[in-house]
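Residues per chain are reported as follows:
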Amino acid sequence: MVAALIFGSNALFSRYLSWFSVIARSAGIEEHQLRDHLRLYRLTLQDHVAPETRLKLEQLINTGEAALNTTPKAVRCCSTPNPPYTDLCQSYLAAVLDGDKQLAHEIIETYLSETADLRGVYTHVLQPAQNELGRLWEIGKLTPAEEHLGTAITQEVISGIDHRLFRTTRVGKSFVGACIDTERHDIGMRVVTAFFELDGWDTYFLGATTPRSGLIEFLRNKQPSVVGLSCSLGRNLPLLKATIAEIRKQPELRTTPIIVGGAPFNADSALAELVGADSYTVDADHAVLCAESALAALASRSASNPEAWPSTPTSQEPCCPA
Ligand code: B12
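Residues numbered from 1 in each chain as written. Predicted model: local features only at pLDDT ≥ 70, side-chain atom pairs only at ≥ 80, totals over all residues. Heavy atoms only, no water.

We now examine the overall build of the protein chain. If you tally the helices and strands in the protein chain, you get 14 helices and five strands. With respect to the principal axes defined by its C-alpha atoms, the protein chain has extents near 60 × 60 × 30 Å. Per-residue burial for the protein chain yields a buried fraction of 44% across its 322 residues. Contacts in the protein chain between residues at least 24 apart in sequence constitute 75% of all its contacts with a sequence separation of at least 6. Carbon and sulfur atoms provide 56% of the accessible area of the protein chain, an area that totals close to 15500 Å². When the 28 positive and 37 negative side-chain charges of the protein chain are each reduced to one mean point, those points stand 5 Å apart. (Helix = DSSP H or I, 4+ residues; strand = E, 2+ residues; numbered from the N terminus. Buried < 20%, exposed > 50% of the residue type's maximum accessible area, 1.4 Å probe, protein only. Contact = heavy atoms within 4.5 Å. Areas by Shrake-Rupley, 256 points an atom, 1.4 Å probe, with all protein chains shown as cover. Lys, Arg positive; Asp, Glu negative; His and termini not counted. Charge placed at Lys NZ, Arg CZ, Asp CG, Glu CD.)

Structure below.
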């Protein structure tokens, strides 16, 4: 809620509330209790906030109340028909839910030896399987330990197929992908970084909870063509904004395009501009194209008006259709 208030994002708050209402329901909390909760929020907070914030708060809570009637926008899971991956995704998920990591590896290795369809495995098997783990945890059908086991198996499978990423043809560009200091969700960033590697970029995946000072020192040394930052939780947006501001203060990184991604941006793409990023995109399939267009925008801007740069990033629209 605080991040939604800070960034004035009703979409972020309604996504949060529709998510929370699922968790609450599976914990036996009824909708009228959530409504009471919001009413008390309104009553309590309005006496403690400035008039302009009160208005924003009012709008936020109104959208939130409306969101309680809606079901959260589903993320693609293995239960979502997605030919030709449906059976593969479901058999992979079944192996993961059984904790059968040998079978999980075999299913992916067999498919890859027949198709070499690495991109399909990442975005149409591993990602929906992870989303399904989240959905089952959310409705109380999976314990945190079982979700951790499933996630660990997927991380092992990703490590097992990493060797297939390396291409002979390099494109002479580099990409650093990281999660900020409070963000523990790094599989999304790892998959995005893999897509850059597949396209011949030199990539550096720094993973979860990367301390800001270390991230900035690494970026100053590497001076990558593009930086990617991942955020899965709305509450991490203010820190992401501060991290991007810090990166832009570095003379060596003044013109380096920064692209972002993760669930909060899929809820409200305007947040990409509000955290100071150059652009955002919904998933790994569009990430390299997103980086290419950010680099093209950089080139045309510094060519047309070297003085103006880097004043304002160009497009905030998802650089590829959401
Ligand atoms: C695995 C997981 C964890 C693991 C993470 C392990 C790891 N090393 O990553 C652990 C157990 C640590 C974890 C912890 C928590 N989690 Co969690 N987690 C998940 C889960 C199940 C899967 C995420 C995943 O791996 N997805 C697969 C990847 C491939 O997809 P992705 O992340 O969406 O990334 C894609 C796009 O978003 C995009 N993208 C992402 N980043 C970037 C960056 C750039 C630059 C670009 C271009 C694109 C891009 O492209 C990616 C590839 O296509 C999700 C469920 C879900 N639906 O997301 C919950 C989920 C995100 N977690 C959730 C929660 C609540 C938590 C906790 C707060 C739980 C708790 N109480 O402790 C903690 C918070 C920890 C923290 N501080 O970050 C909620 C968040 C709900 C919300 N309100 O936002 C979710 C949605 C579960 C749920 N259904 O309720 N979690």
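Past the structure itself, the notes keep going.
Attention now moves to the nonpolar core. Membership of the largest hydrophobic core comes to 48 residues, with the highest contact counts inside it found for Tyr-92, Ile-108, Tyr-122, Leu-126 and Phe-196. Counting the residues that make up this core, at least three belong to each of domain 2 (86-164) and domain 3 (168-308). Setting aside residues up to four positions removed in sequence, Tyr-122 forms contacts with Gln-127, Ile-158, Ile-161, Asp-162, Leu-165, Val-191, Ala-194 and Phe-195. With 38 residues, the next largest nonpolar core counts Leu-12, Val-176, Ile-244 and Val-275 among its residues. (Core = buried A, V, L, I, M, F, W, Y, C linked by side-chain atoms within 4.5 Å. Domains from an automatic or database assignment.)

Attention shifts here to helix H3 (residues 31-46). With 16 residues, H3 ought to run about 22 Å at 1.5 Å a step, and its terminal C-alpha atoms sit 22 Å apart, in line with that. Burial in H3 covers these residues: Leu-34, Leu-38 and Arg-42. One side of H3 holds all its buried residues, which, seen down the axis, span an arc of 85°. Residues of H3 that are buried in the fold lie against helix H2 (10-26) and helix H4 (51-67). (Expected span 1.5 Å × (residues − 1). Arc of directions from axis to C-beta.)

A word on the coordination of the cobalt atom of the ligand. For the cobalt atom of the ligand, the sole protein-derived donor is His-185 (NE2), lying 2.2 Å away. As for its placement among the helices and strands, His-185 is situated in the loop between strand E1 (174-179) and helix H9 (187-198). (Donors = N, O, S within 2.8 Å, 3.2 Å for Na, K, Ca; no water.)

Another point: the packing of aromatic side chains. Summed over the entire model, instances satisfying the criterion amount to eight aromatic pairs. Seen from their ring centres, Tyr-16 and Trp-19 are 5.6 Å apart, and the 45° between their planes marks the pair as tilted. On the criterion of helical spacing, the pair formed by Tyr-16 and Trp-19 is a turn pair, its members being three residues apart in helix H2. Accessibility expressed as a relative area gives 31% for Trp-19, which makes it partly exposed. Between Tyr-122 and Phe-195, the aromatic rings sit 6.0 Å apart at their centres with planes inclined by 55°, giving tilted as the arrangement. Note that Tyr-122 is positioned in helix H7 (residues 118-138) and Phe-195 in helix H9, a separation of 73 residues in sequence. Across the pair, exposure class does not vary: Tyr-122 and Phe-195 are buried alike. Ring-pair connections join several aromatic residues into one group, and the members of that group are Tyr-16, Trp-19 and Phe-20. (Phe/Tyr/Trp six-rings, centres within 6.5 Å; stacked < 30°, edge-to-face > 60°.)

As a further point, take empty space enclosed by the protein. For the structure on display, the rule yields one cavity of 30 Å³ or more. There is about 30 Å³ of room inside the largest cavity. Contributing to the lining of the largest cavity are Arg-76, Cys-77, Cys-78, Thr-80, Asn-82, Tyr-85, Thr-86, Cys-89, His-124 and Pro-128. Contributing elements (two or more residues each) for the lining of the largest cavity: helix H5 (86-97) and H7. (1 Å grid on protein atoms, 1.4 Å probe; cavity = no way out; pocket = protein on both sides within 12 Å on 5 of 7 lines; lining within 4 Å. Points joined across faces, edges and corners; volume = space filled by probe spheres on them.)

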